[in-house]
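What follows is each chain in one-letter form.
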Amino acid sequence: MVTNGAQTTVAFCGHCGARPRARPGLAAPSRVCSACELGLILRAAPAAAPAAREAFLVIGAGREIGAVSDRAERLLGVGEAEAVNRDLAEFLAPDAERPADWARLVEAIPRLATGAAPLPALLVRCTHAPGRPLRARLGACGPPPAALLVLDDRD
Ligand SMILES: [Zn+2]
């Protein structure tokens with residue numbers, strides 16, 4: 001945990017979701033994850049940050065994909081390299097019974113970097129395997145400032 005002014009954040013890897021351990025004696029912690037050596041370390045509020053096994057996406061203000069976690073790659077059926085810079089709507093879609101959730105999600109993404117309130121409980125579908133709804137929560141992460149969408153496909 002690092003306290004930055006009034007806001008406490010936790011660090012996590014943008015690829016595998018691992019939480020880096022503080023290593024006393026290192027002046028500047030590495031920005032590359034020491035667990036998978038693939039992801040960059042991001043920070044988010046504790047309620048927004050993914051747990052170790054949750055799938056997540058980092059999304060830019062224009063709704064473009066910035067990063068896809070390894071679990072999200074499997075969930076969405078797309079590799080990160082293929083997904084980056086494409087529109088979120090290519091991979092996720094409204095849930096038929098909760099279309100307002102999608103509208104709130106799309107509306108909040110561009111504003112998260114400038115302090116919009118996070119959305120803790122959304123329901124969406126993935127376009128790859130639309131049979132089952134996904135619980136999702138939207139928060140902010142960075143650097144650089146971006147939206148963080150955590151997906152949960154467990155029943
Ligand atoms: Zn990692």
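As shown above, the structure is provided for reference.
Fair warning: this is a prediction, and the values are worked out from it, not measured in the lab. (Residues numbered from 1 in each chain as written. Predicted model: local features only at pLDDT ≥ 70, side-chain atom pairs only at ≥ 80, totals over all residues.)

Peer 1: Please clarify how the overall build of the protein chain should be interpreted in this entry.
Peer 2: Scanning the protein chain from terminus to terminus reveals 3 helices and 9 strands. Listing every helix and strand of the protein chain by position from the N terminus yields β-β-β-β-β-α-α-β-α-β-β-β. Intrachain contacts of the protein chain at a sequence separation of at least 6 include 50% that bridge at least 24 residues. (Helix = DSSP H or I, 4+ residues; strand = E, 2+ residues; numbered from the N terminus. Contact = placed C-beta atoms within 7 Å.)

Peer 1: When you look at helix H3 (residues 99-112) in this model, what are you seeing that I'm missing?
Peer 2: Given 3.6 residues per turn, any residue in an α-helix points the same way as the ones three and four places further on. With 14 residues, H3 should reach 20 Å at 1.5 Å per residue; the first-to-last C-alpha distance of 20 Å fits that figure. The inward-facing, buried residues of H3 contact strand S4 (55-59), strand S7 (119-126), strand S8 (134-142) and strand S9 (146-152). (Expected span 1.5 Å × (residues − 1).)

Peer 1: Would you mind showing me how to read the environment of Arg 21 here?
Peer 2: Tracing the sequence through the fold places Arg 21 in the loop between strand S2 (7-13) and strand S3 (41-44). Sequence spacing of Arg 21 and Ala 11 is 10 residues, and the spatial spacing of their C-alpha atoms is 9.0 Å.

Peer 1: Just to check I follow, could you spell out the nonpolar core for this structure?
Peer 2: In summary, soluble globular proteins display a tendency toward joint burial of nonpolar side chains. Judged by nonpolar contacts, the single largest core of 41 residues is most densely connected at Leu 57, Ile 59, Ala 147, Leu 148, Leu 149 and Leu 151. Tallying contributions element by element places S9 first for this core, with 6 residues. Setting aside residues up to four positions removed in sequence, Ala 147 forms contacts with Ile 59, Ile 109, Leu 112, Leu 138 and Ala 140. (Core = buried A, V, L, I, M, F, W, Y, C linked by C-beta atoms within 7 Å. Buried ≥ 20, exposed ≤ 12 C-beta atoms within 10 Å, placed from the backbone.)

Peer 1: When you look at the pairing of S3 in this model, what are you seeing that I'm missing?
Peer 2: Across the two faces of S3 the burial differs, with Leu 42 and Ala 44 buried and Ile 41 and Arg 43 not buried at all. Where S3 meets S8, 2 bridges bridge the pair, whose relative direction is antiparallel. Paired with Ala 44 across the two strands is Cys 141, which belongs to S8. (Pairing = 2+ DSSP bridges.)

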